[in-house]
Amino acid sequence: MRFRKYLIRSWFSWSLVFMGILAYMWLGIGTFDWSLFWFIFTLGALFVMNPLKRRHLHFTFHEMFVFMTFFLYGLLPALLMGQLLLLTFQARTFTNKVGRRRFLHFYPLNTLIEAMLLVLPGLVYLRLGGQIGPNVHLLEQGTALIGFFAVLFLVLGFSFLLSRFLIGERIPLPIMWRLLRFDWLVISLELLFTMVAIEAFQLFGYTGLMATFLILSLLKMGLSKATETEETQSKIDQVERLKEQLYRVDNEQLLIEKFWNGLREVVELERGWLQVNRDGHRTFYDISGRTSTPVADAYTLERHRDAEEPYFVYDSLHEWHPDLQAHQTELHHSALVIQPVSSTTNAVSCMISTTANGAYDGAIAVELHRLLKTLSWSLERIDERNRLQHESLTDPMTGLPNQRALKRWAKERLNDVASYPLSVFLVDLDHFKAINDTYGHAFGDEVLIEAGTLFTRLIRSGDLVTRYGGEEFVFVFPRMDEAAAIVTGEKIRQALRTHPFGSEGIRVQVTASIGIETIHEYEDLDTLLRHADRAMYVGAKFNGRDRVAHYRDTSTERIQ
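Before going into details, it helps to say that this report is about the structure given with it. Each chain has its residues counted from 1, running along the sequence as written. Thresholds applied to this predicted model are a pLDDT of at least 70 for local features of residues and 80 or more for the giving and counting of side-chain atom pairs; totals over whole chains, interfaces and linings are not thresholded and use all residues. Values shown for side chains rest on all heavy atoms present in the structure; no hydrogens or waters enter the calculation.

### Some remarks on the sheet that holds strand β9 (residues 422–429)
Moving on, step 1. Pairing between two strands is assigned when DSSP locates at least 2 bridges connecting them. By the criteria applied, helices consist of DSSP H or I runs no shorter than four residues and strands consist of E runs no shorter than two, each listed in order from the N terminus. If you walk across this open sheet you meet the five strands as β10-β11-β9-β12-β13, and the pairing is mixed. Since the sheet does not close on itself, it has two edges, and those belong to β10 (464–469) and β13 (548–550), each with one partner. Between one strand axis and the next, the sheet turns through 20° on average, direction left out of account.
Moving on, step 2. As defined by bridge partners, β10 adjoins strand β11 (residues 472–478) across five bridges and the pair is classed as antiparallel. Paired with Gly 469 across the strands is Glu 472, a residue of β11.
Moving on, step 3. Should any heavy atoms of two residues lie within 4.5 Å, those residues are counted as being in contact. For every element, the axis is a line fit to its C-alpha atoms; helices are fit only across the contacting stretch, and the angle between N-to-C directions ranges from 0 to 180 degrees. Sitting on the sheet, helix α16 (residues 482–498) is in contact with β9, β11, β12 (512–519) and β13, with an inclination near 160° to β12.

What follows is the structure, given as structure tokens:
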């Protein structure tokens, strides 16, 4: 797997650094007030259980408790505090597979960054003469504290480069700069509150620590609300507007295109697919809105579907399910998977991804899950509308288009100059009443159904055959002149005459009288049908039936 090198690299680096540190800690740590240590840990654990998230980074504010331990007791106890708090933070997601994969790939990086944030500034602080101990006053440590602060900021910037080296993390530069600025703000607040907490502890004991903790909690809540923010709210508003637009669309292709175009305005999107499953028949659409070949990702998701998880948000490729990783041809990190959302008649699922880390979050995932529900309902409405329309335009016995469909279809063709010359056939089955009287209406219905099936096979893809009523059928042939029309009429007549109609030992021969009209410029449908009808009666019926007649040859004849 392409990310295995990152996994080996990060755990190997972690092993080199922390095995030595832990061994030295075990041998060198002195006795100190463990009750205070565990009290600080408890406060820190409460903070890390509810982190503040920006993009894919979690700001836990736990460094305040690590810094406090350092200034009170030194580097080794502070390193221990940091690792305990990191384990607590990671343990909160152990209940799901994504959380366990996240731990496997990110814990070494987090521990290394945690050590760097403490060890490098801490060594500079001690080198510059900074004091540590239960009675330390940080405001008196001027130069050492400034050095600690400066190195801390440099390490924060370097941590983004380290994450790229160890886990292949990719964050666009403008986004990384915003994250770094916010990181600096959080660290500054943590260092400030560390100073306040130590002074409060020296003055008021554990009560002072609790008061500082509560104030920082309120400030964290304020920052959390600020980070949800206008950007997230704006995206939610965009999704709501997109829902309203989808409700108004009555065409499936247009609906899918509008879905993808609207989604691009809400989230980063470089690759994606949408699956519509109707009773086992799957249709896949790519991000352009066009249908695509079946997507292996969709089948993987179905095999590993978790009914309790309507969606999955992956911040990095390392968090993806291994079977999903196997299908990726590009190094995409962020992915959002919406598991199948069902309506009465369909199920819709979706997956989008992009190269940058942390492009999606839970709030947007919830909104896109709701958006997919809207899409599913809209598809159901379109399917129902199409079904009703199909029924209104279809003859229920033969399955051919009916008179209403003929009028709608002909209106489009007759107004299109590319359709000319255009020929209309009126086909009437000969002596059909005799078939009904002799063999019964059920047998007659079977003959009509067979005739409709035969006629469908005899026309081109751009032609139309309809059941006009009773035993009459109407054909419309665009781009067909008189000569071609007569040839085609003869083919239909011969095919009908030689086709064995009937079943269960009853076989009948069916013939037809066919009347044709051809036009080279616009004429209304009623006039065309009237001319074809005249040709059929005057030229075919009255001349012995089972024949083809064109209106041009009968228009001067008179009925006797």
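Picking up after the structure, the text goes on.
### Regarding the nonpolar core
Moving on, step 1. Phe 65, Met 68 and Phe 71 are the most contacted members of the largest nonpolar core, which totals 52 residues.
Moving on, step 2. Among the elements of the structure, α2 (34–48), α3 (63–73), α4 (75–91), α5 (97–127), α6 (142–167), α7 (173–204) and α8 (206–247) are those that each provide at least two residues to this core.
Moving on, step 3. Those residues in contact with Phe 71, other than ones at most four positions away along the chain, are Tyr 125, Ile 132, Gly 133, Val 136, Leu 138, Leu 145, Phe 148, Leu 191, Thr 194 and Ile 198.
Moving on, step 4. Counting 32 residues, the second-largest nonpolar core is a separate cluster that includes Leu 263, Val 267, Val 341 and Tyr 360. For our purposes a nonpolar core is just a set of buried Ala, Val, Leu, Ile, Met, Phe, Trp, Tyr and Cys residues, chained together by side-chain atoms within 4.5 Å. Residue exposure (1.4 Å probe, protein chains only): buried if accessible area is under 20% of the type maximum, exposed if over 50%, otherwise partly exposed.

### Here's the deal with the sheet that holds strand β7 (residues 334–342)
Sheet strands pair via backbone hydrogen bonds, and the direction of the pair is either parallel or antiparallel.
Moving on, step 1. In spatial order, the strands read β5-β4-β3-β8-β7-β6; together these six strands make up an open sheet with antiparallel pairing. Each edge of the sheet is formed by a strand with only one pairing partner; in this case those strands are β5 (291–292) and β6 (311–314).
Moving on, step 2. Summarising the sheet, strand β3 (residues 271–278) and strand β4 (residues 281–286) pair through six bridges and their orientation is antiparallel. Of the residues in β4, the one forming a bridge with Leu 274 is Tyr 285.
Moving on, step 3. The strands touched by helix α9 (residues 252–266) within the sheet are β3, β4 and β8 (347–354), with β3 carrying the most contacts at an inclination of about 145°.
Moving on, step 4. The strands touched by helix α12 (residues 362–392) within the sheet are β3, β6, β7 and β8, with β7 carrying the most contacts at an inclination of about 40°.

### As for the packing of aromatic side chains
Moving on, step 1. Each aromatic pair joins two rings of Phe, Tyr and Trp (for Trp, the six-membered one) with centres within 6.5 Å, and gets the label stacked for planes under 30 degrees apart, edge-to-face for over 60, and tilted for any other angle. In total, this model carries 22 aromatic pairs according to the counting rule given.
Moving on, step 2. Ring geometry for Phe 71 versus Tyr 125: centroids 5.1 Å apart, planes at 75°, classification edge-to-face. Linking Phe 71 in helix α3 with Tyr 125 in helix α5, this pair joins segments that are 54 residues apart in sequence.
Moving on, step 3. One aromatic cluster is present, built from ring pairs that chain together Phe 67, Phe 70, Phe 71, Tyr 125 and Phe 148.

### What about the environment of Val 508?
Moving on, step 1. Within the secondary structure, Val 508 is located in the loop between α16 and β12.
Moving on, step 2. Look at Val 508 and you get buried, because its relative accessible area is 11%.
Moving on, step 3. A C-alpha to C-alpha distance of 9.9 Å links Val 508 and Tyr 439, two positions 69 residues apart in sequence.
Moving on, step 4. Those residues in contact with Val 508 that sit more than four places away from it in its chain are Tyr 439, Phe 443, His 499 and Phe 501.

### Re helix α13 (residues 403–414)
Moving on, step 1. The span one expects for a helix is its residue count, reduced by one, times 1.5 Å. Across its twelve residues, α13 extends 16 Å between first and last C-alpha, which sits within 8% of the 16 Å expected from 1.5 Å per residue.
Moving on, step 2. Buried within α13 we find Ala 405, Leu 406, Trp 409, Ala 410 and Leu 414. When α13 is viewed along its axis, its buried side chains cluster within an angular range of 145° and face the same direction. Turned more than 90 degrees away from the buried face of α13, the exposed residues are Lys 407, Lys 411 and Glu 412. The reported arc concerns the directions from the helix axis to the C-beta atoms and nothing else.

### Concerning α3
Moving on, step 1. Counting buried residues in α3 gives eleven out of eleven residues, a clear majority hidden from the surface.
Moving on, step 2. Taken as a whole, α3 has its buried residues at Glu 63, Met 64, Phe 65, Val 66, Phe 67, Met 68, Thr 69, Phe 70, Phe 71, Leu 72 and Tyr 73.
Moving on, step 3. Two residues or fewer past α3, Gly 74 is found with a positive phi of approximately 110°.

### Regarding a positive patch on the surface
Moving on, step 1. Together, Arg 385, Arg 404, Lys 407 and Arg 408 make up a positively charged patch on the protein surface.
Moving on, step 2. As for its position among the elements, Arg 385 is in helix α12. Patches in this entry comprise residues that are over 30% relatively accessible and not in a salt bridge; like charges within 9 Å are linked, as are nonpolar side chains (Val, Leu, Ile, Met, Phe, Trp, Tyr) within 5 Å. What sets the accessible areas is the Shrake-Rupley method with a 1.4 Å probe; for residues, cover comes only from the shown protein chains. We define a salt bridge as a contact between a side-chain nitrogen of Lys or Arg and a carboxyl oxygen of Asp or Glu at a distance within 4 Å. The positive count covers Lys and Arg only, the negative count covers Asp and Glu only, and His and the chain ends enter neither. To locate a charge, take atom NZ for lysine, CZ for arginine, CG for aspartate or CD for glutamate.

### Some points on the environment of Glu 302
Moving on, step 1. Residue placement: Glu 302 occurs in helix α10 (residues 296–303).
Moving on, step 2. Distance from Glu 302 to Ser 349, taken between C-alpha atoms, is 9.8 Å for residues 47 residues apart in sequence.
Moving on, step 3. If we ignore the near neighbours within four places in the chain, the residues touching Glu 302 are Gln 275 and Arg 282.

### A word on the packing of α2 against α4
Moving on, step 1. With their axes 10 Å apart at the nearest point, α2 and α4 run at an angle of 35° to one another. The handedness of the crossing between α2 and α4 is right-handed. Where α2 approaches α4, its residues Trp 34, Phe 37, Trp 38, Ile 40, Phe 41, Gly 44, Ala 45 and Val 48 are matched on the opposing element by Pro 77, Leu 80, Met 81, Leu 84, Leu 85, Thr 88 and Phe 89.
Moving on, step 2. Under the convention adopted here, Pro, Cys and the residues Ala, Val, Leu, Ile, Met, Phe, Trp and Tyr are nonpolar, Asp, Glu, Lys and Arg are charged, and Gly plus all remaining residues are polar. Partitioned by chemical class, the residues of the contact of α2 with α4 number 13 nonpolar, two polar and no charged. Crossing chirality is assigned from the near helix's rotation relative to the far helix, an anticlockwise turn below a right angle marking it left-handed and a clockwise turn marking it right-handed.

### Details of the pattern of salt bridges
Moving on, step 1. Evaluated as defined, the whole model comprises 16 salt bridges.
Moving on, step 2. Here Lys 243 and Glu 240 are joined by a salt bridge, their closest N and O atoms 3.2 Å apart. Of the two residues, Lys 243 and Glu 240 are both situated in helix α8; the distance of three residues between them amounts to about one turn of the helix.
Moving on, step 3. Note that Arg 381 and Asp 250 form a salt bridge whose closest N and O atoms lie 3.7 Å from each other. Residue Arg 381 is located in helix α12, and its partner Asp 250 is located in the loop between α8 and α9; the two are separated by 131 residues in the primary sequence.
Moving on, step 4. On the accessibility criterion, Arg 381 (30% relative accessible area) is partly exposed.
Moving on, step 5. What emerges from the salt-bridge pattern is a single network uniting Glu 490, Arg 493, Arg 497 and Asp 546.

### Some words on unusual backbone geometry
Among all residues save glycine, negative phi is the norm, and among peptide bonds the norm is trans.
Moving on, step 1. In the segment running from Tyr 420 into Pro 421, the intervening peptide bond is cis, with an omega of -5°.
Moving on, step 2. Relative to the helices and strands, Pro 421 is located in the loop between α13 and β9.
Moving on, step 3. The residue His 431 is not glycine, and still its phi comes out positive at about 50°.
Moving on, step 4. On the basis of relative accessibility, which here comes to 53%, the residue His 431 falls in the exposed class.
Moving on, step 5. Of note, Arg 545 is a non-glycine position whose phi angle comes to about 65°, a positive value.
Moving on, step 6. Tracing the backbone shows Arg 545 in the loop between α17 (525–540) and β13.

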